[in-house]
Amino acid sequence: MQALELEKLPRHLAIIMDGNGRWAQERMLSRILGHKKGVETVRTIVEESSLLGIQYLTLFAFSSENWLRPKSEVRSLMALLKKYIAMETPRMMRNNIRFNVIGNPDELPDDITKALQTAMAKTSGNSGMLLTLALSYGSRQEILRAVANLAVDMVAGRVSKEDLTDDLFSGYLYTGGLPEPDFLIRTSGEMRISNFLLWQLAYTELYFTQVNWPDFDKGHFYDALRNFQARERRYGLTSDQLRKGE
Ligand code: IPE
Ligand code: IPE
Ligand code: MG
């Protein structure tokens, strides 16, 4: 097995954790048991990423559109999330992980918002990996919110048309301050983005695997990272230009 090059890891790794429901259904189990098993995978991948020295890990945990799922599934997911935060905060402290959330907090139940804020405050002094959970997150909604806030600043004269650059606009997104993802993994065989980080993924390397999220283990994770390491990121240039460092 080819070894991982530690100096060539993605600085920012984003993951669409998909396939919990199908994992359970294939085993004649309830979908929520799939989500529970999925939480174990989250634990493994967070720990591995932090050990490897990945600086930013962003996990798509619940989309704006996921609110439309059956009420009982949404309720169970929220309960699971609350339990996860309570259980994982001490582990984050041990691993020097800083916790962060992106998405629309207004749509989340109050007790969840409070638990998230507590976890963020508690881990805010940590200096290791930044773990971001995308919760009640939709990228189009994020972009519209950014445009609305930008319009307010323009009308107030705080920003002029000439100031408007990629960087300035990025600062209005929930991900303001984070570098763009270098690598995106989506599990479960679906080859779509599902309203995740549309602006931020402009030059991200994409990786799709058939493995369902609850089955995604350290071996699959390393396969994905090795795949990333074999790629040439050209950003519109030619291979020759990159080799010559022009
Ligand atoms: C991903 O698994 C977790 C969430 C979206 C909350 P799914 O629940 O989407 O699993 P599938 O796609 O139905 O198998
Ligand atoms: C995307 O998965 C959202 C999360 C993983 C949280 P979905 O299962 O909701 O996406 P679609 O519906 O298959 O596109
Ligand atoms: Mg799904």
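Residues numbered from 1 in each chain as written. Chains lettered and ligands numbered in written order. Predicted model: local features only at pLDDT ≥ 70, side-chain atom pairs only at ≥ 80, totals over all residues. Heavy atoms only, no water.

**A look at the nonpolar core**
Then step 1. Counting 44 residues, the largest nonpolar core has Ile15, Val46, Leu59, Leu131, Ile185 and Phe221 as its most contacted members.
Then step 2. Those elements that place two or more of their residues in this core are strand E1 (12-16), helix H2 (31-52), strand E2 (56-63), helix H3 (71-94), helix H4 (110-123), strand E4 (130-137), strand E5 (183-186) and helix H7 (218-229).
Then step 3. Ala14, Ile102, Tyr137 and Leu201 belong to the second-largest nonpolar core, a separate cluster that totals ten residues. (Core = buried A, V, L, I, M, F, W, Y, C linked by side-chain atoms within 4.5 Å. Buried < 20%, exposed > 50% of the residue type's maximum accessible area, 1.4 Å probe, protein only. Helix = DSSP H or I, 4+ residues; strand = E, 2+ residues; numbered from the N terminus.)

**What to know about the pattern of salt bridges**
Then step 1. Per the counting criterion, the structure on display carries 20 salt bridges.
Then step 2. Close ionic contact of Lys218 with Glu48 constitutes a salt bridge, the shortest N to O distance being 3.8 Å. Highlighted residues: Lys218 in helix H7 and Glu48 in helix H2, separated in sequence by 170 residues.
Then step 3. Take Lys218: its relative accessible area is 41%, and that puts it in the partly exposed class.
Then step 4. Note that Arg234 is salt-bridged to Glu232, the shortest N-O span being 2.7 Å.
Then step 5. One salt-bridge network, held together by shared partners, links Asp18, Arg22, Arg186, Glu190 and Arg192. (Salt bridge = Lys/Arg side-chain N within 4 Å of Asp/Glu carboxyl O.)

**Section: the environment of Pro181**
Then step 1. With respect to the helices and strands, the residue Pro181 is situated in the loop between helix H6 (166-170) and E5.
Then step 2. Separated by 79 residues in the primary sequence, Pro181 and Ile102 have C-alpha atoms spaced 14 Å apart.
Then step 3. Aside from chain neighbours lying at most four places away, what touches Pro181 is His12, Ala14, Leu197, Gln200, Leu201, Thr204 and Arg233. (Contact = heavy atoms within 4.5 Å.)

**Let's talk about the packing of aromatic side chains**
Then step 1. Enumeration over the complete set of coordinates arrives at twelve aromatic pairs.
Then step 2. Arranged with centres 5.9 Å apart and planes meeting at 85°, the rings of Tyr137 and Phe196 form a pair that is edge-to-face. With Tyr137 in strand E4 and Phe196 in the loop between E5 and strand E6 (205-208), this residue pair connects regions lying 59 residues apart in the sequence. Both residues of the pair, Tyr137 and Phe196, count as buried.
Then step 3. Where Phe183 meets Tyr207, the ring centres are 5.8 Å apart and the plane angle is 55°; that geometry is what we call tilted. (Phe/Tyr/Trp six-rings, centres within 6.5 Å; stacked < 30°, edge-to-face > 60°.)

**So, the site of ligand 1**
Then step 1. Around ligand 1 sit Met17, Asp18, Gly19, Asn20, Gly21, Arg22, Arg31, His35, Ala61, Asn66, Arg69 and Leu77, and that is every residue in its neighbourhood.
Then step 2. Asn20 is positioned with one of its backbone polar atoms (N or O) 3.2 Å from an oxygen atom of ligand 1.
Then step 3. Within the backbone of Gly21, a nitrogen or oxygen atom sits 2.9 Å from an oxygen atom of ligand 1.
Then step 4. In the complex, the protein chains occlude 87% of the 380 Å² of accessible area that ligand 1 would expose alone.
Then step 5. At the level of secondary structure, the elements contributing two or more residues to the shell around ligand 1 comprise helix H1 (20-26) and H2.
Then step 6. Here the element with the most residues in the shell around ligand 1 is H1; it accounts for three residues.
Then step 7. Here the shell around ligand 1 is composed, by residue class, of three nonpolar, five polar and four charged. (Near = heavy atom within 4 Å. Polar contact = N/O pair within 3.5 Å; in protein donor to acceptor, adjacent residues only side chain to side chain. Areas by Shrake-Rupley, 256 points an atom, 1.4 Å probe, with all protein chains shown as cover. Nonpolar A, V, L, I, M, F, W, Y, C, P; charged D, E, K, R; others polar.)

**Things to note about the pairing of E6**
Then step 1. Taking every second residue as pointing to the same face, the buried face of E6 carries Glu205 and Tyr207, while none of Leu206 and Phe208 on the other face is buried.
Then step 2. Direction of pairing for E5 relative to E6: parallel, over a ladder of four bridges. Looking across to E6, one finds that Phe183 is bridged to Glu205. (Pairing = 2+ DSSP bridges.)

**Here's the deal with the site of ligand 2**
Then step 1. Around ligand 2 sit Ile16, Met17, Asp18, Phe60, Ala61, Phe62, Asn66, Arg69, Arg186, Arg192 and Ser194, and those are all the residues in its vicinity.
Then step 2. Interatomic distance of 3.0 Å between a side-chain N/O atom of Asn66 and an oxygen atom of ligand 2.
Then step 3. Contact distances for ligand 2 include 2.8 Å between an oxygen atom and a side-chain N or O atom of Arg192.
Then step 4. Using a 2 Å cut-off from the grid points, one finds that ligand 2 occupies the largest pocket.
Then step 5. Examining the composition of the shell around ligand 2, we find that three residues originate from one element, E2, more than from any other. (1 Å grid on protein atoms, 1.4 Å probe; cavity = no way out; pocket = protein on both sides within 12 Å on 5 of 7 lines; lining within 4 Å. Sits in = over half its atoms within 2 Å of the grid points.)

**Some points on helix H5 (residues 139-155)**
Then step 1. Its 17 residues place the ends of H5 24 Å apart at the C-alpha level, agreeing with the 24 Å of an ideal helix rising 1.5 Å per residue.
Then step 2. Looking at the buried residues of H5, the elements they touch are E4 and H6.
Then step 3. After H5 finishes, the residue Gly157 shows a positive phi value of roughly 80°. (Expected span 1.5 Å × (residues − 1).)

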